[in-house]
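Fold and geometry: a report
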Amino acid sequence: MPVFFLIYCDMAESAYDYIITGGGTAGCVLANRLSADPSVKVLLLEAGGSDRHPYFHLPAGFAKMTKGIGSWGWSTVAQRHLKNRVLRYTQAKVIGGGSSINAQIYTRGVPADYDAWVRDAGAHGWSYREVLPYFKRAENNERYANEYHGYGGPLPICEAFFQAGQELGIPFNPDFNGAHQEGLGYYQLTQSNARRSSTSAAYLHPIRDRRNLTVRLGTQTLRVVVENGRATGVEVARAGSASPQFVCAGREVIVTSGAMGSPKLLMQSGIGPAGHLGSVGVKVVHDLPGVGGNLQDHLDLFVIAECTGDHTYDRYNHVHRAAWAGLQYLLWKKGPVASSLFETGGFWYAQKDTRSPDIQFHLGLGSGIEAGVAKMKHTGVTLNSAYLRPRSRGSVRLASADPAAAPLIDPDYWAEPRDRDLAIEGLRMAREILRQPALKRFVLAERLPGDAMNTDAELFDFACAHAKTDHHPVGTCRIGPPGDMTSVVTPELRVIGLEGLRVADASVMPFIPSCNTNAPTIMVAEKAADLILGRLA
Ligand SMILES: Cc1cc2nc3c(=O)[nH]c(=O)nc-3n(C[C@H](O)[C@H](O)[C@H](O)COP(=O)(O)OP(=O)(O)OC[C@H]3O[C@@H](n4cnc5c(N)ncnc54)[C@H](O)[C@@H]3O)c2cc1C
């Protein structure tokens, strides 16, 4: 078989210089940057389909996304520290990946996040000073909404939310990505002209005529083929086609299948912890113990309050109002359809003496936005809170050698009791904000957790029943020094011990940044392009 592959590589018209295994947030960025040189042939493989459906472009389409459109339909394994609950775990399966289905919130985190990658994880070259140019390069590529409002147009309850924060001593912050992160304010959004600006829209669409870039949708990479210690190509399966096909990579295979998909693909290829691979019947090609470990995520808790009147987008749940909302959007590009529904939020402290805020808030302008959250009789408002720097570490493992099988996703939330205590402190803060005088005009009463729940034990019970992922998994192919058993890629993003193979997506982050993870993933991909093209020493 290897001989056949070598002949195929030499002769085949379908040989590419670079093969990118996943057209998500990172994959689209890399497809653009690597194909900028017309003499280089690039293949972008995406298991999901196109983003033609309007839901992918209307900012409010996000509300449909957590319920499964354009996603793999995965769940976690039973969470030991959440009374064995199984949580829905939405991960994108569509061109643009997470950036095509996310809430469009653009946050970068704080300098200390990236400086810790270098200091505590050995990710040399990834300090804030060194990654800032890539955040800036991406901002030049995407055009973000004005920082003071999303295109939906501000609702009065948002202003009252900021005032409520100030009553508690939390200042207004006009720019979470500027000098200071703390405070409440409007999020910057990855939108352009009242449409979602995914990496598919911002990086792929403008270059769709490049002849040296091939994008194959509905094509799953089954495994990376390694011969004599070098990745020579990939084996792929097209939707509806019976037999897998080998495609040759003359220079490199770049794995961008996401924090779940990338370790899954490596392990399917025999690259991972030998013991685990053996246990599911995968032949070991390269024993790399760190693959699939170090999983980190933000776990989200929330308060739902009932409003005194029609103060949030819940009022558009009636058919005639929904029709009016559609018309508003078509005529003026305004109203609820133009809103990501999470336009405001902020950052504050559960622990006073910590280096930067450790709690993030998202104000949801309705009560049924998240999957599994019951709708209320009257309009409602949701305030989500998440602890930002968890110490718990989980894993992604194979359930079987079959690439079609869902992975075993185990974030092991709250394995560290400290994560639980600080998350519950964040939930208490969210409740306090909604109880401030400035919001009295808008908020009738808290409905969840509800006034009867007050002790730590009661709030723990509530969390076990309702906690959900913030959809920020990272860390499962982490950057680190080659001598460290938990490292998967070098600071140049090369898979340790193999040639011609890199990983370049959210999975390489050694620690989860204190923010949403789309902008940091774009930054990783922008920097990866420079590393691959030899523009960095
Ligand atoms: C519902 C949701 C809401 C979110 N909200 C926000 C937000 O508002 N702001 C924010 O900053 N972040 C948000 N995030 C997180 C952010 O979108 C992700 O961190 C980011 O998209 C990760 O990018 P990635 O390239 O690592 O992976 P992804 O974007 O997930 O891309 C991986 C791609 O690879 C494809 N793939 C996987 N396996 C294979 C294979 N074997 N062969 C071929 N293709 C494969 C997948 O189909 C997918 O398209 C959200 C995420 C979700 C899911």
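Residues numbered from 1 in each chain as written. Predicted model: local features only at pLDDT ≥ 70, side-chain atom pairs only at ≥ 80, totals over all residues. Heavy atoms only, no water.

Right, let's talk about the confidence of the model for the protein for a bit. In the predicted model, the protein carries a mean pLDDT of 92, and 93% of its residues have values of at least 70. Contacts of residues 145–151 to residues separated by more than four positions or lying in other chains number 21 contacts, the stretch itself having pLDDT below 50. (pLDDT = per-residue confidence, 0-100. Contact = heavy atoms within 4.5 Å.)

For the rest of this paragraph, the subject is the pairing of strand β18 (residues 359–364). With 6 of 6 residues buried, β18 is to be regarded as a mostly interior element. Where burial is concerned, the two faces of β18 agree: the one with Ile359, Phe361 and Leu363 and the one with Gln360, His362 and Gly364 are both buried. Judged from the 5 bridges that link them, strand β17 (residues 344–348) and β18 form a sheet pairing that is antiparallel. From the neighbouring strand, Gly345 faces β18, where its bridge partner is His362. Pairing between β18 and strand β19 (residues 380–387): 6 bridges, direction antiparallel. Each residue of the ladder has a partner; that of Gln360, found in β19, is Ala386. (Buried < 20%, exposed > 50% of the residue type's maximum accessible area, 1.4 Å probe, protein only. Helix = DSSP H or I, 4+ residues; strand = E, 2+ residues; numbered from the N terminus. Pairing = 2+ DSSP bridges.)

Before going further, it helps to examine the site of the ligand. In the vicinity of the ligand lie 36 residues, with Thr25, Glu46, Gly98, Thr517 and Asn518 positioned nearest. In the environment of the ligand, an oxygen atom lies 2.7 Å from a nitrogen or oxygen atom belonging to the side chain of Glu46. A distance of 2.8 Å separates a nitrogen atom of the ligand from a polar backbone atom of Thr221. Expressed as a share of its isolated accessible area of 1,000 Å², the protein-covered part of the ligand is 96%. Going through the elements one at a time, α2 (25–34), α4 (98–101), β11 (219–227) and α14 (518–532) are the ones with two or more residues in the shell around the ligand. (Near = heavy atom within 4 Å. Polar contact = N/O pair within 3.5 Å; in protein donor to acceptor, adjacent residues only side chain to side chain. Areas by Shrake-Rupley, 256 points an atom, 1.4 Å probe, with all protein chains shown as cover.)

A pair of packed helices can be characterised by two numbers: the angle between their axes and the separation between those axes. Interaxial distance between α2 and α14 falls to 9 Å at its minimum, and their mutual angle equals 30°. As summarised for this structure, α2 and α14 are arranged roughly parallel, according to the angle between their axes. Crossing geometry of α2 relative to α14 is assigned as right-handed. For the pair α2 and α14, the contacting residues are Thr25, Ala26, Val29, Leu30, Arg33 and Leu34 in the first and Asn518, Thr521, Ile522, Ala525, Glu526, Ala528, Ala529 and Ile532 in the second. (Axes fitted to C-alpha atoms, helices over the stretch in contact; angles between N-to-C directions. Parallel < 35°, antiparallel > 145°, perpendicular 65-115°, else oblique. Left-handed = near helix turned anticlockwise from the far one by under 90°.)

The next point concerns the state of the cysteines. One pass over the structure, following the stated rule, counts 0 disulfides. Here Cys28 is not cross-linked by a disulfide; its sulfur's nearest cysteine counterpart is in Cys477, at 19 Å. A disulfide-free cysteine, Cys158 has its sulfur positioned 11 Å from the sulfur of Cys307, the nearest such atom. Given the relative accessible area of 0%, Cys158 is considered buried. (Disulfide = S-S within 2.5 Å.)

Let us now look at the nonpolar core. Grouped together as the largest cluster of nonpolar side chains are 75 residues, with contacts concentrated most on Leu30, Trp126, Leu266, Leu493, Leu501 and Met523. If you tally residues by element for this core, the top one is α14, at 9 residues. What Trp126 contacts, discounting residues up to four positions off in sequence, is Tyr114, Trp117, Val118, Val131, Ile479, Pro491, Leu493, Met523, Val524, Lys527 and Leu531. In terms of nonpolar packing, the next biggest core, distinct from the first, is built from 63 residues, Leu184, Ala350, Ile409 and Leu439 among them. (Core = buried A, V, L, I, M, F, W, Y, C linked by side-chain atoms within 4.5 Å.)

Here we come to the pattern of salt bridges. Inspection of the entire model under this criterion finds 23 salt bridges. Across the pair Arg428 and Asp456 runs a salt bridge whose closest N-O atoms are separated by 2.5 Å. Separated by 28 residues along the polypeptide, Arg428 in helix α12 (residues 417–434) and Asp456 in helix α13 (residues 456–466) bring together distant segments of the chain. Its relative accessible area of 48% is what places Asp456 among the partly exposed residues. (Salt bridge = Lys/Arg side-chain N within 4 Å of Asp/Glu carboxyl O.)

Time to look at the packing of aromatic side chains. Tallying each qualifying case throughout the model produces 15 aromatic pairs. Judged by centre distance (6.3 Å) and plane angle (45°), the ring pair of Trp117 and Trp126 falls under tilted. Of the residues examined, Trp126 reaches a relative accessible area of 0% and is grouped as buried. For the ring pair Phe302 and Phe462, a centre distance of 6.0 Å and an interplane angle of 75° mean the geometry is edge-to-face. With Phe302 in strand β16 (residues 299–307) and Phe462 in helix α13, the pair connects residues that are 160 residues apart, well separated along the chain. Under the relative-accessibility criterion, Phe462 is labelled buried at 3%. (Phe/Tyr/Trp six-rings, centres within 6.5 Å; stacked < 30°, edge-to-face > 60°.)

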